[in-house]
Amino acid sequence: MPKTVQEPMGRIITTLVITNRVDEGLSKRGFVQKDNVRSVTLKNVLVDTGATTLCLPADIIEQLGLEILKTVEVETATGISQARIFQDAKISLLDREGTFECLELPGGQRPLLGVIPLEALGIELDLQNQILKVLPISPTQTYLTIL
């Protein structure tokens, strides 16, 4: 099971499994061998509340074979620039799974896990203990709401 690691200076680091969701779907339909479904386990992923979504270096996106969705303007520490958004990245974290877009990072940068996937998966930061907490989802209590 992927594990969250406590780091000094208030940083939360975790391990993610990311799978090409299109490959997975094709495998379930018998068009791709299960062994050919592209997937990576990423250790030392920084959980970053300053990031909106999953952010991956170009080499990992290429390894996963994710398809480009669009090019967007993004705000970085150095100003506004363009970045590519890729689709169908399935994240597995703390026994939760979901499929998300991911933003391509310039080469050599560390993968980041932003707030949208965390919220969608029902995972929150426990900053006091520097860990990730899984929110409840049961017949009596759930983080999912429709009001």
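Keep in mind that what you see is a predicted model, and the values were worked out from it rather than measured.

Definitions and limits used
Residues numbered from 1 in each chain as written. Predicted model: local features only at pLDDT ≥ 70, side-chain atom pairs only at ≥ 80, totals over all residues. Heavy atoms only, no water. Helix = DSSP H or I, 4+ residues; strand = E, 2+ residues; numbered from the N terminus. Rg over C-alpha atoms; globule rule 2.2 N^0.38 Å. Buried < 20%, exposed > 50% of the residue type's maximum accessible area, 1.4 Å probe, protein only. Salt bridge = Lys/Arg side-chain N within 4 Å of Asp/Glu carboxyl O. Pairing = 2+ DSSP bridges. Core = buried A, V, L, I, M, F, W, Y, C linked by side-chain atoms within 4.5 Å. Contact = heavy atoms within 4.5 Å. Polar contact = N/O pair within 3.5 Å; in protein donor to acceptor, adjacent residues only side chain to side chain.

(A) Quick look at the overall build of the protein chain. Scanning the protein chain from N- to C-terminus turns up 3 helices and 10 strands. Taken from N to C terminus, the helices and strands of the protein chain fall in the order β-β-α-β-β-α-β-β-β-β-α-β-β. Over its C-alpha trace the protein chain gives a radius of gyration of 16 Å, about what one expects of a compact globule, namely 15 Å for 147 residues. For the C-alpha atoms alone, the extent of the protein chain along its principal axes is close to 45 × 45 × 35 Å. Relative to its 147 residues, the protein chain shows a buried fraction of 41%.

(B) Representation of the pattern of salt bridges in the model. Here the structure, examined in full by the defined rule, presents 6 salt bridges. The partner of R21 in a salt bridge is E24, and the shortest N-O contact between them spans 3.2 Å. Here E24 and R21 lie together in helix 1 (residues 21-28), a separation of 3 residues that amounts to about one turn. Relative accessible area serves as the criterion here: at 30%, R21 is assigned to the partly exposed category. A salt bridge links E104 to R84, with the shortest nitrogen-to-oxygen separation between them at 2.8 Å. Taken as a pair, E104 in strand 7 (residues 96-105) and R84 in strand 6 (residues 79-93) lie far apart in primary sequence, 20 residues in all.

(C) Here's a closer look at the pairing of strand 3 (residues 39-47). Sheet topology places strand 2 (residues 12-20) next to strand 3; 7 bridges connect them, and they run antiparallel. Considered in strand 3, the bridge of L16 is made with L42. Note: strand 3 against strand 8 (residues 112-113), 2 bridges, orientation parallel. Of the residues in strand 8, the one forming a bridge with V47 is L113.

(D) Looking closely at the nonpolar core. Grouped together as the largest cluster of nonpolar side chains are 25 residues, with contacts concentrated most on I18, L54, L56 and L93. Not counting residues up to four positions away in its chain, the partners in contact with L93 are T14, T15, L16, L113, L118, I123 and L132. Of all hydrophobic cores here, the second largest spans 10 residues; its members include L46, A83, I85 and L112.

(E) Quick look at helix 1. Along helix 1, the residues that are buried comprise D23, E24, G25 and S27. Where the residues of helix 1 are buried, they touch strand 2, helix 2 (58-64) and strand 6. At the N-terminal end of helix 1, a side-chain oxygen is found 2.9 Å from the backbone nitrogen of V22, two or three residues along, and the residue is N20. G30, located one to two residues past helix 1, shows a positive phi value of around 85°.

Just distances and angles here, no functional claims.
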